[in-house]
Amino acid sequence: MAGHTQNEITIAAPVDLVWEMTNDVEKWPQLFSEYASAEILKQEGAKCTFRLTMHPDENGTVWSWVSEREPDRATLTVKARRVETGPFAHMDIHWRYEEVPGGTRMVWTQDFAMKPEAPVDDDWMTDNINKNSKVQMALIRDKVEAAAGRRPEPALTTD
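Below, the structure is looked at part by part. Since the structure is predicted, the reported quantities are computational estimates derived from the model, not experimental observations. (Residues numbered from 1 in each chain as written. Predicted model: local features only at pLDDT ≥ 70, side-chain atom pairs only at ≥ 80, totals over all residues. Heavy atoms only, no water.)

### Observations concerning the overall build of the protein chain
For clarity, the cut-off: Each helix is a run of DSSP H or I of at least 4 residues and each strand a run of E of at least 2, with the numbering of both proceeding from the N terminus. Both definitions apply: the radius of gyration is a C-alpha atom measure, and the globule rule equals 2.2 Å times residues to the power 0.38. Burial status follows relative accessibility: with a 1.4 Å probe on protein chains alone, a residue under 20% of its type maximum counts as buried, one over 50% as exposed, and anything between as partly exposed. Pairs of residues are marked as contacts when any of their non-hydrogen atoms sit within 4.5 Å.
Along the backbone of the protein chain there are three helices and seven strands. Each helix and strand of the protein chain, ordered N terminal to C terminal, gives the series β-α-α-β-β-β-β-β-β-α. Over its C-alpha atoms the protein chain spans a radius of gyration of 16 Å, differing by no more than 12% from the 15 Å that the globule rule assigns to 159 residues. With respect to the three principal axes, the spread of C-alpha positions in the protein chain is 45 × 40 × 30 Å. Considering the protein chain as a whole, with its 159 residues, one finds that 40% of them fall into the buried category. Across the protein chain, every contact between residues at least 6 apart in sequence was considered, and the portion connecting residues at least 24 apart equals 49%.

What follows is the structure, given as structure tokens:
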């Protein structure tokens, strides 16, 4: 068995701005709420190998892994995969951007499988990724639209 997710959002901003902001891996901790840090390990042309570290989870566990990502500006697509797979047997990610009336559609597709010894199964992870992608995409939409001058930056809360 394997997991598959596909989530999308339309951002009221030009494709160039959406592309630039969402493909600046070093700034992902300011764009995504889940990442504490992003460290570029290697850059070969457009291909980037990097380490993502999340904020501690509810149990205090800090998750970190290495991924590689290759954006293709000409086709408005990005292919990525986890190099350090952790609990995943594999994790392949595809981002696609499309100019649409009123802005840019951003689509995230993830294909993966959990290792047999992982603490969760494919169904659980599919549900988790779908829930989290919607949250992260909405945050990204708001920040990119704020940068485009379309709406004010949402206030940060310290709950």
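### A word on the pairing of strand E2 (residues 35-44)
Quick reminder of the rule: Note on pairing: DSSP must find at least two bridges between two strands before they are called paired.
Looking at chain direction, E2 and strand E3 (residues 47-54) are connected through eight bridges and run antiparallel. Bridging from a neighbouring strand, alanine 38 pairs with leucine 52 of E3. Hairpin connection from E2 to E3: two residues lie between these consecutive antiparallel strands, with glycine 45 at a positive phi of about 65°.

### Concerning the pairing of strand E7 (residues 103-114)
For a regular strand, side-chain orientation follows a simple rule: the groups alternate between the two sheet faces. For E7, the tally of buried residues reaches ten of twelve residues, placing the bulk of the element in the interior. In this structure, strand E1 (residues 3-11) lies alongside E7, joined through nine bridges in antiparallel fashion. Of the residues in E7, the one forming a bridge with histidine 4 is aspartate 111. In this structure, strand E6 (residues 88-100) lies alongside E7, joined through twelve bridges in antiparallel fashion. Within E7, the residue paired with histidine 94 across the bridge is threonine 109.

### Concerning the packing of aromatic side chains
This is how the line gets drawn: Two rings from Phe, Tyr or Trp (for Trp, the six-membered ring) form a pair when their centres sit within 6.5 Å of each other. Planes less than 30 degrees apart are called stacked, planes more than 60 degrees apart edge-to-face, and all others tilted.
Scanning the entire structure with this criterion turns up ten aromatic pairs. Look at tryptophan 19 and tyrosine 97: their rings are 5.0 Å apart centre to centre, the planes differ by 65°, and that puts the pair in the edge-to-face class. With tryptophan 19 in helix H1 (residues 15-22) and tyrosine 97 in strand E6, this pair connects stretches of sequence that are 78 residues apart. As far as burial versus exposure is concerned, tryptophan 19 and tyrosine 97 are alike and both buried. Judged by centre distance (5.0 Å) and plane angle (50°), the rings of phenylalanine 32 and tyrosine 35 are tilted. No difference in accessibility class separates phenylalanine 32 from tyrosine 35, as the two residues are buried.

### Looking at helix H3 (residues 122-147)
Quick note on the threshold: Each helix should span, by expectation, one fewer than its residue count multiplied by 1.5 Å. Two N or O atoms form a polar contact when they lie within 3.5 Å of each other; inside protein one atom must be a possible hydrogen donor and the other a possible acceptor, and for residues adjacent in sequence the pair counts only when both atoms belong to side chains.
In a regular helix each residue adds 1.5 Å, so 26 residues correspond to 38 Å; H3 covers 36 Å between its end C-alpha atoms and thus fits that length. Between the side-chain oxygen at the start of H3 and the backbone nitrogen of aspartate 123 there is a gap of 3.3 Å, and the oxygen is on aspartate 121. Once H3 finishes, glycine 149 follows within two positions and takes phi at roughly 80°, a positive value.

### Remarks on the side chain of glutamine 136
Topologically, glutamine 136 is positioned in helix H3. For glutamine 136, a relative accessible area of 2% corresponds to the buried category. Separated by 2.9 Å, the side chains of glutamine 136 and serine 33 make a polar contact. Discounting residues that sit within four places of it in the chain, glutamine 136 has contacts with Phe32, Ser33, Glu34 and Trp108.

### Quick word on unusual backbone geometry
At leucine 76, a residue that is not glycine, the phi angle is positive and equals roughly 55°. Along the chain, leucine 76 turns up in the loop between strand E4 (64-72) and strand E5 (77-82). Relative accessible area serves as the criterion here: at 14%, leucine 76 is assigned to the buried category.

Honestly, it's all geometry; don't read function into it.
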